[in-house]
Amino acid sequence: MAALLRLKLRLSWNALGTSVWGALGTVMMLVLGLGGVLAVNVFLVGVAGRGSPGDVVTPAVLAGSGVTALWLIVPVFFSDRLMDPRRFVSFAVPRSVLVLGLTLAGMLNVGLILTLGWLLGHVLAWRSSAVAVVAAAATVPLALVMLGLLHQAASAAAGAWLVNRRSRDLLSILALCAMVGAYPITQGTLAAVTTVVDAADAVAHWLAWTP
């Protein structure tokens, strides 16, 4: 397992060293991501400081659902080919060790840094209740395990499905349809409620039952 982690770090470092644009893009992604995480955490902590723990539920659920969606969607469009499971089929490695190693190795990216920053703000947002802080801190490892498994499953599925050009074209069409339909769906949701706050509360109520 340690060998897989070292291999991922070595391959990632070599990939950045051979591509100036890749390294620049990674730095820009990290800077923009940290800015977004900082903005979300400031908002969460600010809401927690002004009200009761119940006021934190909606923004915390929405932020958590957004992070989960990113860990699930990003590997589909930007599949990590460095640690493709099909490359390790011929190695004499137990399946359980291989799955765990690839899952941990897949998490060694910019997203892990940003997620850890968001989790820190998520825990601090519940500081008005000692029980809530303990519960939030206790769920951090569970959240990381869940996100790692989602990332690995999405990455492996995307790598196997997007082998031929027809599948890639179909995915592009689906993504275009999703972007086109996002606006009317959003407007319809807002029209069904009186205010944006009510819409957020309604959406958070359903998202709270999802990972």
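1. A short note on helix α5 (residues 110–124)
Part 1: In a regular helix each residue adds 1.5 Å, so 15 residues correspond to 21 Å; α5 covers 22 Å between its end C-alpha atoms and thus fits that length.
Part 2: The set of residues buried in α5 consists of Val 110, Leu 112, Leu 114, Thr 115, Trp 118, Leu 119, Gly 121, His 122 and Val 123.

2. Comments concerning helix α4 (residues 95–106)
What sets the pattern is the α-helix's 3.6 residues per turn: residues three or four places apart point alike.
Part 1: With 12 residues, α4 should reach 16 Å at 1.5 Å per residue; the first-to-last C-alpha distance of 16 Å fits that figure.
Part 2: For α4, every residue scored as buried is listed here: Leu 98, Gly 101, Leu 102, Thr 103, Ala 105 and Gly 106.

3. Structural notes on the nonpolar core
Part 1: Ranked by size, the top nonpolar core spans 22 residues in total, and within it Val 56, Trp 118, Trp 126 and Leu 144 carry the most contacts.
Part 2: Only α2 (20–50), α3 (57–77), α5 and α6 (130–161) provide two or more residues apiece to this core.
Part 3: The element best represented in this core is α5, accounting for 6 residues.

4. Overview of the packing of α3 against α5
Part 1: Interaxial distance between α3 and α5 falls to 12 Å at its minimum, and their mutual angle equals 165 degrees. When the interaxial angle is binned, α3 and α5 end up roughly antiparallel. Considering the relative orientation of α3 and α5, their crossing is left-handed. Contacts from Ala 60, Ala 63, Gly 64, Val 67 and Trp 71 in α3 reach Gly 111, Leu 112, Thr 115, Trp 118 and His 122 in α5.
Part 2: In terms of residue class, the contact of α3 with α5 is made up of 6 nonpolar, 4 polar and no charged.

5. Some remarks on the side chain of Thr 58
Part 1: Residue placement: Thr 58 occurs in helix α3.
Part 2: Look at Thr 58 and you get buried, because its relative accessible area is 18%.
Part 3: Those residues in contact with Thr 58 that lie beyond four places of it in its chain are Ala 200, Asp 201 and Ala 204.

6. Section: the side chain of Thr 115
Part 1: Tracing the sequence through the fold places Thr 115 in helix α5.
Part 2: Exposure remark for Thr 115: the relative accessible area of 4% places this residue in the buried category.
Part 3: Excluding its chain neighbours within four sequence positions, the residues that come into contact with Thr 115 are Val 67, Trp 71, Leu 144 and Leu 147.

7. A few points about the confidence of the model for the protein chain
Part 1: Across the protein chain, the average pLDDT comes to 77, with 73% of residues at 70 or higher.
Part 2: Looking at the elements of the protein chain, mean pLDDT is at its lowest for helix α7 (residues 165–191), recorded as 66, and at its highest for α5, recorded as 90.

8. Examining a nonpolar patch on the surface
Part 1: The grouping of Leu 70, Leu 72, Ile 73, Val 74, Phe 77 and Phe 78 at the surface amounts to a nonpolar patch, some 600 Å² of accessible area in total.
Part 2: As for its position among the elements, Ile 73 is in helix α3.
Part 3: The class for Ile 73 is partly exposed, based on a relative accessible area of 45%.

9. Digging into the packing of helix α1 (residues 2–18) against α4
Part 1: It is at 9 Å that the axes of α1 and α4 come closest, and there the two elements cross at 30 degrees. Pair α1 / α4 crosses with right-handed handedness. Across from Leu 4, Leu 5 and Lys 8 in α1, the residues of α4 making contact are Val 97, Leu 98, Gly 101, Leu 102, Leu 104, Ala 105 and Gly 106.
Part 2: Its residues assigned to classes, the contact of α1 with α4 shows 7 nonpolar, 2 polar and 1 charged.

10. Here's the deal with the environment of Leu 38
Part 1: Mapping Leu 38 onto the fold places it in helix α2.
Part 2: C-alpha of Leu 38 to C-alpha of Leu 114: the two residues are 76 residues apart in sequence and 9.4 Å apart in space.

The rules behind these values
- As a convention, each chain's residues are numbered from 1 in the sequence order in which they are written.
- Local features are withheld for residues below a pLDDT of 70 in this predicted model, meaning they are given only at 70 or higher, and side-chain atom pairs are given and counted only at 80 or more; totals for whole chains, interfaces and linings count all residues.
- Excluded from the side-chain calculation are hydrogens and water; included are all heavy atoms of the structure.
- The secondary structure listing takes helices from DSSP runs of H or I that are at least 4 residues long and strands from runs of E that are at least 2 residues long, numbered from the N terminus.
- Helix span, expected: 1.5 Å multiplied by one less than the number of residues in the helix.
- Each residue's exposure class comes from its accessible area (1.4 Å probe, protein chains only) as a fraction of the maximum for that residue type: buried when under 20%, exposed when over 50%, partly exposed otherwise.
- Working definition of a nonpolar core: buried Ala, Val, Leu, Ile, Met, Phe, Trp, Tyr and Cys residues. They are joined through side-chain atoms within 4.5 Å.
- The convention used is that axes are lines fitted to C-alpha atoms, helices contributing only their stretch in contact, and that angles between N-to-C directions extend from 0 to 180 degrees.
- Our angle categories are set so that under 35 degrees counts as roughly parallel, over 145 as roughly antiparallel, 65 to 115 as roughly perpendicular, and the remainder as oblique.
- Crossings are sorted by hand: turned counterclockwise from the far helix by less than a right angle, the near helix makes the crossing left-handed, and turned clockwise it makes it right-handed.
- Throughout, a contact is declared for two residues whenever any of their heavy atoms are within 4.5 Å.
- Amino acids are sorted into nonpolar (Ala, Val, Leu, Ile, Met, Phe, Trp, Tyr, Cys and Pro), charged (Asp, Glu, Lys and Arg) and polar (every other residue, Gly among them).
- pLDDT gives the predictor's per-residue confidence on a scale running from 0 to 100.
- Patches in this entry comprise residues that are over 30% relatively accessible and not in a salt bridge; like charges within 9 Å are linked, as are nonpolar side chains (Val, Leu, Ile, Met, Phe, Trp, Tyr) within 5 Å.
- Methods summary: accessible areas were calculated by the Shrake-Rupley approach with a probe of 1.4 Å, and residue burial reflects only the protein chains presented.
- A side-chain nitrogen of Lys or Arg and a carboxyl oxygen of Asp or Glu constitute a salt bridge if their distance falls within 4 Å.

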